[in-house]
Amino acid sequence: MAGIPIVIGYFPVAMAFGLLARTVNVSLQDTFFFSLLVFAGASQFMAIDLIKAGIAPLDIILATFLLNLRHLMMSASLAVRLEEIKKRWLPFIAFGITDESFSVASMKKGALSFPFLMTLQGIAYLAWLSGTVTGYLIGSVLPVTLQNSLGVGLYAMFMAILMPEIKKSLNVLLLSVFSGAVYISLDFINVLPSGWNLIIAIIVASGIGVMVLKDDPGEERI
Amino acid sequence: MNSYLTLILGMTLVTFLPRLLPLITLSERPIHPLFRRFLLYIPYTALGALIVRGVMQASSGMEAATFIGVGVAAACSWYQGGLILSVFASIIAAYITLSM
């Protein structure tokens, strides 16, 4: 059941991706392979943006790598909460770690079981694939303003995941606001390659949180 | 149309490895309590930064719609709760903003 909200949020965003890919002349087959093999919303949108700007493939891959370093931390954060799982299943769980599935999984109480994660990630994956193809095929029929609005759903989803936690804990509010502020500062200073700003903001805000905050908003979930 | 298969495979690799390596290396090892707290804070700091980044990087013409869409999602999930409602309300708010 936890996967259903992800489907609702993912589908329109995947449609937006399919739509955009078509506008920069990526074939339907390649667009499908993007979603099938990469399965990373932010990276895929960035790739389309960079293809449009005529950036070399190797540079796009490097930027993708930087953008995805945040998953190192998300994956590490999930690793400490996993139930005993056979090693051979880990690659499947790893493949499905996205910002959204991670957010839903990390707000769940208790240890994370393999069936829970597979259901959550499997549903998200199917929504992502079907949304991509739908967007590519029929998206151009939708009014342009509606096409543009779909992408906003992604950030609405992040907000809707975060807000219930903020209501429960002042620490969560402090952590997220502080992280946002660090990100804005880094963006303003503009000395790091853009993929790094997000990673550094997460590290700095979490690190200061460890030093400054007393109790632990995640403690009850261990 | 160009083929983007090489690019896609390269992106697959650099996306998959950061997701896999911590699972393999950390899932069986005891972790220092401070580092554990650091890891437990990450969902909140990641979401905070992702939302701010999303609003700041909105493509031109989408700034107001993105800002209002996220604001509506915030209000909706604060008062009402529920992902589905918030996402829909946000898309509708963005649509209305763009139509004006």
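Residues numbered from 1 in each chain as written. Chains lettered and ligands numbered in written order. Predicted model: local features only at pLDDT ≥ 70, side-chain atom pairs only at ≥ 80, totals over all residues. Heavy atoms only, no water.

### Thoughts on unusual backbone geometry
Residues and elements named next belong to chain A.
Then comes step 1: The phi dihedral of Phe39 falls on the positive side, at around 50°, and the residue is not glycine.
Then comes step 2: The residue Phe39 is located in the loop between α2 (28-38) and α3 (41-52) in this model.
Then comes step 3: Backbone geometry places Asn190, a non-glycine residue, at a positive phi of 60°.
Then comes step 4: Along the chain, Asn190 turns up in the loop between α11 (170-189) and α12 (194-212). (Helix = DSSP H or I, 4+ residues; strand = E, 2+ residues; numbered from the N terminus.)

### Some words on the side chain of Thr97 of chain B
Residue and element names in this part refer to chain B.
Then comes step 1: Take Thr97: it is sitting in helix α4 (residues 83-99).
Then comes step 2: One polar contact links the side chain of Thr97 to the main-chain carbonyl oxygen of Ala93, over a distance of 2.6 Å.
Then comes step 3: Beyond its immediate chain neighbours, meaning those up to four positions away, Thr97 contacts Ala64, Ala65 and Ile68. (Polar contact = N/O pair within 3.5 Å; in protein donor to acceptor, adjacent residues only side chain to side chain. Contact = heavy atoms within 4.5 Å.)

### Section: the packing of aromatic side chains
Then comes step 1: Taken as a whole and assessed by the stated rule, the structure comprises 13 aromatic pairs over all chains.
Then comes step 2: Ring plane angle 90° and centroid distance 5.4 Å describe the contact between Phe95 of chain A and Tyr125 of chain A, whose orientation is recorded as edge-to-face. Taken together, the positions of Phe95 of chain A in helix α6 (residues 90-95) and Tyr125 of chain A in helix α8 (residues 114-138) put the pair 30 residues apart, joining distant regions of the chain.
Then comes step 3: These aromatic residues form a ring-pair network of at least three members: Tyr10, Phe17, Phe34, Phe39, Phe45, Phe95, Tyr125 and Trp128 of chain A together with Phe16 of chain B.
Then comes step 4: The ring of Tyr136 of chain A is capped by Arg22 of chain A, whose NZ or CZ atom sits 5.3 Å from the centre of that ring.
Then comes step 5: Taking the ring centre of Trp78 of chain B as reference, the NZ or CZ of Lys167 of chain A above it sits at 5.4 Å. (Phe/Tyr/Trp six-rings, centres within 6.5 Å; stacked < 30°, edge-to-face > 60°. Lys NZ or Arg CZ within 6 Å of the ring centre and 35° of its normal.)

Take it as geometry only, folks, not as evidence of what the structure does.
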